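Okay, here's what each chain looks like letter by letter:
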Amino acid sequence: MKLCVKNLQITALGENRELVKGIDFSVSQGESVILLGQSGSGKTMTCRAVMGLLDPKNFSVKGEILSDDRDLLTMPLRERLGIYGGDIAFIPQNPMTALDPSVRIGRQMDETLALHGKASKAERKARILKSLTQAGLPDGAEIYSAYPHMLSGGMLQRVLIAMTMMGQAKIVIADEPTTALDVIHRNETIDSFIRLRQNGTGIFMVTHDFSAAVQLGGRVMIMKEGNILERGQVKEVLSAPKADYTKALISASSLSRTRTGGLS
């Protein structure tokens with residue numbers, strides 16, 4: 001599967017302000033693409049537009065968002081819902097708000113799996129426990145029975161990653177998945193994304209975390225004020241940036257102090 005975004009334009013209707021200005025990119029299975037830039041550059045808007053999460057009363061979305069040459073923007077809602085949550089999965093920035101705090105994690109995962117498949121309850125549970133282990137949560141039985149508030153932010157983030165694994169998503173869209181995590185949990189979360197990619201899933205990650213970008217690797221796009229200013233392989237762009245904006249971002253980050261070691 002390949003996700004292609006062509007000439008994506010997002011306008012805030014109330015302000016008549018263009019937030020994303022005709023950008024293009026693609027994500028294939030088994031690769032990672034990172035959209036990197038400072039807060040307010042249009043990264044999250046891009047992510048939400050790709051997932052069809054922008055309210056049409058407030059935002060105009062133009063261009064093409066193609067899933068294997070089928071345009072998600074013009075596709076009938078019923079067909080689109082069959083792709084979102086199945087072939088294309090979304091991992092939001094805040095895992096605490098992504099899960100129902102009153103429902104045990106196992107039940108929430110089971111409901112998601114039942115929605116997109118026809119396996120028995122026992123088969124679904126086995127698949128859930130396996131995906132939790134694959135996502136770096138070895139105590140799957142305890143996680144299955146726990147409520148969201150009983151887990152750390154890093155563990156909840158990996159629960160969401162496990163949900164994409166069990167659903168066998170072909171493309172995963174992740175919006176700032178490491179923002180609220182400490183270094184240890186950030187590294188564990190990125191390791192989970194790497195495992196996803198190695199298993200054939202395409203990763204599209206939105207972030208302003210240079211360290212996370214370097215750790216994940218793949219292709220990177222540098223965004224400023226709704227435009228893509230620079231793109232290429234992560235190590236090449238961050239080791240020898242061409243755009244002044246990219247150079248300024250690197251200088252302002254901790255990456256500038258450890259660039260040689262971090263990009264080796």
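Rules behind the numbers
Residues numbered from 1 in each chain as written. Predicted model: local features only at pLDDT ≥ 70, side-chain atom pairs only at ≥ 80, totals over all residues. Heavy atoms only, no water. Phe/Tyr/Trp six-rings, centres within 6.5 Å; stacked < 30°, edge-to-face > 60°. Helix = DSSP H or I, 4+ residues; strand = E, 2+ residues; numbered from the N terminus. Buried < 20%, exposed > 50% of the residue type's maximum accessible area, 1.4 Å probe, protein only. Lys NZ or Arg CZ within 6 Å of the ring centre and 35° of its normal. Salt bridge = Lys/Arg side-chain N within 4 Å of Asp/Glu carboxyl O. Contact = heavy atoms within 4.5 Å. Pairing = 2+ DSSP bridges. Polar contact = N/O pair within 3.5 Å; in protein donor to acceptor, adjacent residues only side chain to side chain. Core = buried A, V, L, I, M, F, W, Y, C linked by side-chain atoms within 4.5 Å.

Undergrad: What's the story with the packing of aromatic side chains in this structure? I'm lost.
TA: For any pair of aromatic rings, geometry is given as the distance between the ring centres together with the angle between the planes. Scanning the entire structure with this criterion turns up one aromatic pair. Ring geometry for Phe 25 versus Phe 204: centroids 4.7 Å apart, planes at 0°, classification stacked. Of this pair, Phe 25 sits in strand S2 (residues 17–28) while Phe 204 sits in strand S8 (residues 202–207), and the two are 179 residues apart along the sequence. Of the two residues, Phe 25 and Phe 204, neither departs from the other in class, the shared state being buried. We note Lys 125 situated over the ring of Tyr 144; from NZ or CZ to the ring centre the distance is 4.9 Å.

Undergrad: Hey, could you run me through the pattern of salt bridges in this one?
TA: Think of it this way: side chains of opposite charge can pair up when their charged atoms draw near. Within this structure, the stated rule accounts for nine salt bridges. Salt-bridge contacts for Arg 107 lead to Glu 111; the nearest nitrogen and oxygen are separated by 3.2 Å. Placement of the pair is Arg 107 and Glu 111 together in helix H4 (residues 105–115), with a separation of four residues, close to one helical turn. Classification of Arg 107 by relative accessible area gives exposed; the value is 53%. A salt bridge links Asp 110 to Arg 124, with the shortest nitrogen-to-oxygen separation between them at 2.7 Å. Of this pair, Asp 110 sits in helix H4 while Arg 124 sits in helix H5 (residues 121–134), placing them 14 residues apart in sequence. Both residues of the pair, Asp 110 and Arg 124, belong to the buried class. Several salt bridges converge on common partners, so that one network encompasses Asp 110, Lys 121 and Arg 124.

Undergrad: What is the right way to read the side chain of Arg 197 from this model?
TA: Mapping Arg 197 onto the fold places it in helix H8 (residues 183–198). In contact with Arg 197, not counting residues within four places along its chain, are Gly 30, Glu 31, Ser 32, Ile 203, Leu 216 and Gly 217.

Undergrad: Whenever I open this one, the pairing of strand S10 (residues 227–233) confuses me. Can you help?
TA: On any regular strand, side chains alternate: one points to one face of the sheet, the next to the other face. Judged from the six bridges that link them, strand S9 (residues 219–224) and S10 form a sheet pairing that is antiparallel. When the bridges of S10 are listed, Met 221 appears paired with Arg 231.

Undergrad: Explanation requested: the environment of Ser 192 in the structure shown.
TA: Structurally, Ser 192 can be placed in helix H8. Owing to a relative accessible area of 0%, Ser 192 belongs among the buried residues under this scheme. When the C-alpha positions of Ser 192 and Val 220 are compared, they lie 19 Å apart, and in sequence the two are 28 residues distant. Apart from the residues within four sequence positions on either side, Ser 192 is in contact with Ala 135, Arg 158, Ile 161 and Met 165. Within the structure, the side chain of Ser 192 is placed 3.1 Å from the side chain of Arg 195, a separation counted as a polar contact.

Undergrad: Would you mind showing me how to read the nonpolar core here?
TA: In globular proteins that are soluble, nonpolar side chains generally tend to be buried together. The biggest cluster of nonpolar side chains holds 46 residues, and the ones touching the most others in it are Leu 36, Met 109, Leu 132, Val 159, Val 172, Phe 193 and Leu 216. Element by element, the count of residues in this core is highest for helix H7 (residues 153–166), at eight residues. Beyond its immediate stretch of four places on either side in the chain, Phe 193 contacts Ile 91, Ile 161, Val 172, Ala 174, Pro 177, Ile 203, Met 205 and Leu 216. Ranked by size, the runner-up nonpolar core spans 31 residues in total, among them Ile 23, Phe 25, Val 33 and Tyr 84.

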